[in-house]
Amino acid sequence: MNRPLFVSLDGPKGTGKTTLLEAVTQVLRAGNQKVIRLCKRKSDPFRGETMALVNTLARNPCRDLDWAVCQRLADSRRWISQNVLTKQPLDSIILIERWYPSDAAFRQTIPFAEILQLNIERDVQVPDLHVGVVTDPDISWARAANRSRGLGGTVIQKHAEHVACTEMFEQAVKDHGWMLCRNEGTVEEATMLVASRIHEVLGLNVEVDASLGAQGIA
C-alpha cells in the first residue's frame, strides 16, 4: 500500500476493545511490523467542547442535540484525518479505538445511514478494516460494571439501553459488511482473529502467535 493501513476497533462498552487493541499491537510488533496506536481523546483538540455537549445531551435528550454531537464528532474525525493520520509513516499499521462505526451503538435517535453520510461529507477517512467487537450484552455489561472506573457511561446508563445499543451495533456490522469479532472467549482467540485479518488485508501469509499478545494483559 502507498499509505498506512488504517484499522478501527468499535463496539459497545465492556466488549474488551482496549484489551484487544493492546494484544493485537503486541502481536503485530512481535512480527516486526510498525504499529501506530492512536488515542482519539489525546488526538482530538475539540474533545472538551464535544464532551460538554455530550453531557448536555445526557441531561436533556433530544434529536437536535444528538445530531449536534454527531456533527462535533465528525468534525473531530475530519481534523484527525487531515492532521494526524496523514503524518504517520507510510509503512505503518494505524490502530484506533472508536471511529464513526461506534456511533451505530451510541447515537440513539439518529439513523446510522445519516451519520455515515455526514462523515463522508466531512471527508473523514474510511478505515481499511472496520472491526466490530461485540459480546452478549449481559457479558459486556458485567465486564463494564466490574472495571475500576465502573460503567463510566454518559449516554448509556441502564441495562436495557445497553442491550439496545448492542443490537443496533450488530445490525450495523451486518448491514455494512464490517468484520465481526465476538470477544467472549480468550484474548488469544480474538487476537488471532483480528491479527490474521489485518495480515490478509495486507496480502501477507503470516502465522499468528496470539499468545504473544496476551502476555502481561489482565
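These figures come from a predicted structure and were not determined experimentally.

Participant: What exactly am I supposed to notice about the packing of aromatic side chains here?
Facilitator: Centre-to-centre distance and the angle between the planes together describe a pair of aromatic rings. Per the stated rule, a full pass over the model turns up four aromatic pairs. With a centroid separation of 5.3 Å and an interplanar angle of 90 degrees, the aromatic rings of Phe6 and Trp99 are classed as edge-to-face. Of this pair, Phe6 sits in strand β1 (residues 5–10) while Trp99 sits in the loop between β3 (92–97) and α5 (103–106); the two residues are 93 residues apart in sequence, bridging distant segments of the chain. Taking relative accessible area as the criterion, Phe6 reaches 0% and is therefore assigned buried. Its relative accessible area of 1% is what places Trp99 among the buried residues. Ring centres of Phe46 and Trp79 lie 6.4 Å apart, and the angle between their planes is 85 degrees; this geometry places the pair in the edge-to-face category. With Phe46 in the loop between α2 (40–43) and α3 (47–59) and Trp79 in helix α4 (residues 63–83), this pair connects stretches of sequence that are 33 residues apart. A residue is classified by how much of its surface remains accessible, and Trp79, at 30% relative accessible area, is partly exposed. Pairwise contacts between aromatic rings join Phe112, Phe169 and Trp178 into one cluster.

Participant: Can you walk me through the sheet that holds strand β2 (residues 34–38) in this structure?
Facilitator: Each strand in a sheet pairs with its neighbour through backbone hydrogen bonds, running either in the same direction (parallel) or in the opposite one (antiparallel). In spatial order, the strands read β2-β3-β1-β4-β5; together these five strands make up an open sheet with parallel pairing. The two strands at the open ends of the sheet, each matched to only one other strand, are β2 and β5 (179–182). Taking each pair of neighbouring strands and ignoring which way they run, the sheet shows an average axis angle of 25 degrees. In the sheet, strand β4 (residues 129–134) pairs with β5 via four bridges, with the strands oriented parallel. Residue pairing in the sheet places Val131 in a bridge with Met179 of β5. Across the sheet, helix α1 (residues 17–30) lies against β1, β2, β3, β4 and β5, angled at about 170 degrees from β3, the strand it touches most. Each of β1, β4 and β5 is contacted by helix α8 (residues 159–176), which is oriented at about 150 degrees to β4, the strand it contacts most.

Participant: What am I meant to see in the nonpolar core here?
Facilitator: Nonpolar side chains in soluble globular proteins tend to end up buried together. With 27 residues, the main nonpolar core has Leu38, Leu85, Trp99, Phe112 and Phe169 as its most contacted residues. Breaking this core down by element, the ones donating at least two residues are β2, α4, β3, α5, α6 (112–121) and α8. When residues no more than four places from it in sequence are discounted, the contact partners of Phe169 are Asp10, Gly11, Pro12, Pro101, Ser102, Ala104, Ala105, Gly132, Val133, Val134 and Trp178.

Participant: What should I look at first to understand α8 in this one?
Facilitator: Along its 18 residues, α8 runs 26 Å from first to last C-alpha, staying within 8% of the 26 Å computed at 1.5 Å per residue. Along α8, the residues classified as buried are His162, Cys165, Thr166, Phe169, Ala172 and Val173. Taken down its axis, α8 places every buried residue within 125 degrees of arc, on the same side. Opposite the buried face of α8, at more than 90 degrees from it, the exposed residues are Ala160, Glu167, Lys174 and Asp175. Considering only its buried residues, α8 is in contact with β1, α5, β4, α7 (137–146) and β5.

What counts as what
- Residues numbered from 1 in each chain as written.
- Predicted model: local features only at pLDDT ≥ 70, side-chain atom pairs only at ≥ 80, totals over all residues.
- Heavy atoms only, no water.
- Phe/Tyr/Trp six-rings, centres within 6.5 Å; stacked < 30°, edge-to-face > 60°.
- Helix = DSSP H or I, 4+ residues; strand = E, 2+ residues; numbered from the N terminus.
- Buried < 20%, exposed > 50% of the residue type's maximum accessible area, 1.4 Å probe, protein only.
- Pairing = 2+ DSSP bridges.
- Axes fitted to C-alpha atoms, helices over the stretch in contact; angles between N-to-C directions.
- Contact = heavy atoms within 4.5 Å.
- Core = buried A, V, L, I, M, F, W, Y, C linked by side-chain atoms within 4.5 Å.
- Expected span 1.5 Å × (residues − 1).
- Arc of directions from axis to C-beta.

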